[in-house]
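Letter by letter, the chains look like this.
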Amino acid sequence: ENLDKGLAKTKESVFSKLSRAVVGKSKVDDEVLDNLEEVLITSDVGVDTTLKIIERIEERVSKDKYLGVSELNVILKEEIAALLEENNSTDVSDFELPDRPEPYVIMVVGVNGVGKTTTIGKLAHKFKAAGKNVYLGAADTFRAAAIDQLQIWADRVDVPLVKQKMGSDPASVAYDTLQSAKSNGADVVIIDTAGRLHNKINLMNELSKIKNVMQKVYPGAPDEVLLILDGSTGQNAFEQAKQFTKATEVTALALTKLDGTAKGGVVIGISDQFKIPVKYIGIGEGIEDLQIFNRTEFVDSLFS
Ligand code: GDP
């Protein structure tokens, strides 16, 4: 019910738009499909993904000319869940950390303001609550505030934060963090990085340098490059995903602030556009307001 609350704005909006889309109709005809297309696009699903979904529904309509509008919800739910499944968005509710001596290393990327620090804090809390030994690294050394904010979260969650002073080499912080993690038998390491998109070459170099030093400590690191996107920013989130996927290999997405938007369709569009699984969603400012994304629960929440 937490999820329902977090997605309430999107849910209400989708519900009322869908009701309007089928008003006076009993069958799914071209006009209904046109309306549906608009519902998806105005919910930030993105044009390409919307067209893909409409095409799939058209296919089903062509096989069953008497498809009633009352079935539209179920069909949408199925087709969107299928899309998310194709993109490997998770459908489990537990953490499945690999069973091995080395920690699971998550490198977090994203621009300032998207909820990067908050998500790291919530994530650390989640792992800690699951009995894991968590280490944080403040490799966003570009802003003093970033380090301070992360320290506040580290204190709140009660996990160690490895940091240096502002302006120090991010790769060196990452290295220190992994070394400390190693000597203290950490299970999970989460490294914050700076996301300065206006200097793409720098960003690319910095991220690859951080990766390289990590690999000196753990050859397989990072296990995950997690891109944080503000789910309430629509096209900006798409644009940031484009830039970051060019700068480094992003392996998972966290969409934040879904509680504050009626356009949660961005979750579907971004995952599909970039073929990257959505792993976490932020649905509030509190420490517990980060959910492991579950595609079935997500579509159930939106379409029922
Ligand atoms: P950063 O600059 O990317 O590290 O962003 P912060 O983590 O400092 O977050 C920026 C603001 O967004 C803060 O006020 C957070 O409380 C807020 N925030 C982060 N995630 C969420 C979320 O899922 N929902 C809501 N409503 N606010 C969030």
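Our structure is the block above this text.
Everything in this summary refers to the structure shown in the same document.

Definitions and cut-offs
- Residues numbered from 1 in each chain as written.
- Predicted model: local features only at pLDDT ≥ 70, side-chain atom pairs only at ≥ 80, totals over all residues.
- Heavy atoms only, no water.
- Helix = DSSP H or I, 4+ residues; strand = E, 2+ residues; numbered from the N terminus.
- Rg over C-alpha atoms; globule rule 2.2 N^0.38 Å.
- Buried < 20%, exposed > 50% of the residue type's maximum accessible area, 1.4 Å probe, protein only.
- Contact = heavy atoms within 4.5 Å.
- Areas by Shrake-Rupley, 256 points an atom, 1.4 Å probe, with all protein chains shown as cover.
- Near = heavy atom within 4 Å.
- Polar contact = N/O pair within 3.5 Å; in protein donor to acceptor, adjacent residues only side chain to side chain.
- Nonpolar A, V, L, I, M, F, W, Y, C, P; charged D, E, K, R; others polar.
- Phe/Tyr/Trp six-rings, centres within 6.5 Å; stacked < 30°, edge-to-face > 60°.
- Lys NZ or Arg CZ within 6 Å of the ring centre and 35° of its normal.
- Salt bridge = Lys/Arg side-chain N within 4 Å of Asp/Glu carboxyl O.
- Expected span 1.5 Å × (residues − 1).
- Arc of directions from axis to C-beta.
- Pairing = 2+ DSSP bridges.
- Right-handed = clockwise from strand over helix to strand, strands pointing away.

### Notes on the overall build of the chain
In step 1: Summing up its helical and strand segments, the chain has twelve helices and eight strands in all.
In step 2: Against the globule reference of 19 Å for 304 residues, the chain gives a C-alpha radius of gyration of 21 Å, in line with a compact fold.
In step 3: Projected onto the principal axes, the alpha-carbon positions of the chain cover approximately 65 × 40 × 30 Å.
In step 4: Scored against the burial criterion, the 304 residues of the chain give a buried share of 54%.
In step 5: Counted over contacts in the chain with a minimum sequence separation of 6, partners at least 24 positions apart contribute 76%.
In step 6: Accessible area for the chain stands at about 13,400 Å²; split by element, carbon and sulfur atoms hold 48% of it.

### With respect to the site of the ligand
In step 1: With respect to spatial proximity, 15 residues lie near the ligand, and among them Gly-113, Thr-117, Thr-118, Asp-259 and Glu-285 are the closest.
In step 2: One nitrogen or oxygen atom from the main chain of Lys-116 is found 2.7 Å from an oxygen atom belonging to the ligand.
In step 3: Measuring from an oxygen atom of the ligand, one finds a side-chain N or O atom of Thr-117 at 2.5 Å.
In step 4: Burial of the ligand by the protein amounts to 77% of the accessible area it has alone, namely 580 Å².
In step 5: Looking at the shell around the ligand residue by residue, the classes come out as three nonpolar, seven polar and five charged.

### Structural notes on the environment of Ser-62
In step 1: The topology assignment puts Ser-62 in helix H4 (residues 47-63).
In step 2: By relative accessible area, which is 47% here, Ser-62 ends up partly exposed.

### Some points on the packing of aromatic side chains
Aromatic ring pairs are described here by two measures, namely the spacing of the ring centres and the angle between the planes.
In step 1: Tallied over the full model, the rule gives one aromatic pair.
In step 2: Centre to centre, the rings of Phe-293 and Phe-298 are 5.1 Å apart; their planes meet at 55°, and the pair counts as tilted. As far as the burial class goes, Phe-293 and Phe-298 line up, both buried.
In step 3: Stacked on the ring of Trp-153, the Lys or Arg Arg-156 has its end atom at 4.3 Å from the ring centre.

### Quick notes on the pattern of salt bridges
In step 1: Evaluation of the coordinates by the stated rule reveals 19 salt bridges.
In step 2: The salt bridge involving Asp-29 is made with Lys-25; its shortest N-O contact spans 2.7 Å.
In step 3: Owing to a relative accessible area of 23%, Lys-25 belongs among the partly exposed residues under this scheme.
In step 4: Through salt bridges with shared partners, a single ionic network connects Lys-116, Asp-140, Arg-143 and Asp-192.

### Topic: helix H8 (residues 170-183)
In step 1: End to end, H8 covers 20 Å across 14 residues, agreeing with the expected 20 Å (1.5 Å per residue, within 8%).
In step 2: Of the positions making up H8, those classed as buried are Pro-170, Ala-171, Val-173, Ala-174, Thr-177, Leu-178 and Ala-181. Mapping the buried residues of H8 onto a view down its axis gives an arc of 160°, with all of them on the same face.
In step 3: Turning to H8, the residues buried within the fold contact strand E1 (104-109), strand E2 (134-139), strand E3 (161-162), strand E4 (188-193) and helix H9 (200-217).
In step 4: Near the N-terminus of H8, the side chain that reaches the backbone nitrogen of Ala-171, with its oxygen 3.1 Å away, is that of Asp-169.

### Comments concerning helix H12 (residues 295-303)
In step 1: All of the buried residues in H12 are Arg-295, Phe-298, Val-299, Ser-301, Leu-302 and Phe-303.
In step 2: The elements touched by buried residues of H12 are helix H1 (2-6), helix H2 (8-21), helix H5 (72-86) and helix H11 (266-274).
In step 3: The N-cap of H12, judged by a side-chain oxygen 3.1 Å from the amide nitrogen of Thr-296 a few residues on, is Asn-294.

### Quick look at the pairing of strand E7 (residues 278-282)
In step 1: For E7, a buried count of four out of five residues is recorded, marking the element as mostly surrounded by other parts of the structure.
In step 2: Taken together, the three bridges between strand E6 (residues 252-256) and E7 define a ladder with parallel strand orientation. Looking at the pairing, Ala-254 lines up with Tyr-280 of E7.
In step 3: Between E6 and its parallel partner E7, the chain crosses via H11, and the hand of that crossover is right-handed.
In step 4: In the sheet, E7 pairs with strand E8 (residues 290-292) via three bridges, with the strands oriented antiparallel. Its bridge partner being in E8, Gly-282 is matched across the sheet by Leu-290.

### Regarding the pairing of E6
The side chains of a regular strand alternate between the sheet's two faces.
In step 1: Within E6, five of the five residues are buried, which leaves the element mostly enclosed by the surrounding structure.
In step 2: Pairing between strand E5 (residues 224-230) and E6: five bridges, direction parallel. Bridge pairing in E6 places Leu-226 opposite Ala-252.
In step 3: Assessed by its sense of winding, the connection that carries the chain from E5 through helix H10 (residues 235-247) to E6 is right-handed.

### Here's the deal with the side chain of Glu-79
In step 1: With respect to the helices and strands, Glu-79 occurs in helix H5.
In step 2: Taking relative accessible area as the criterion, Glu-79 reaches 11% and is therefore assigned buried.
In step 3: Residues within four places of Glu-79 in sequence aside, it is in contact with Arg-56, Ile-57 and Arg-60.

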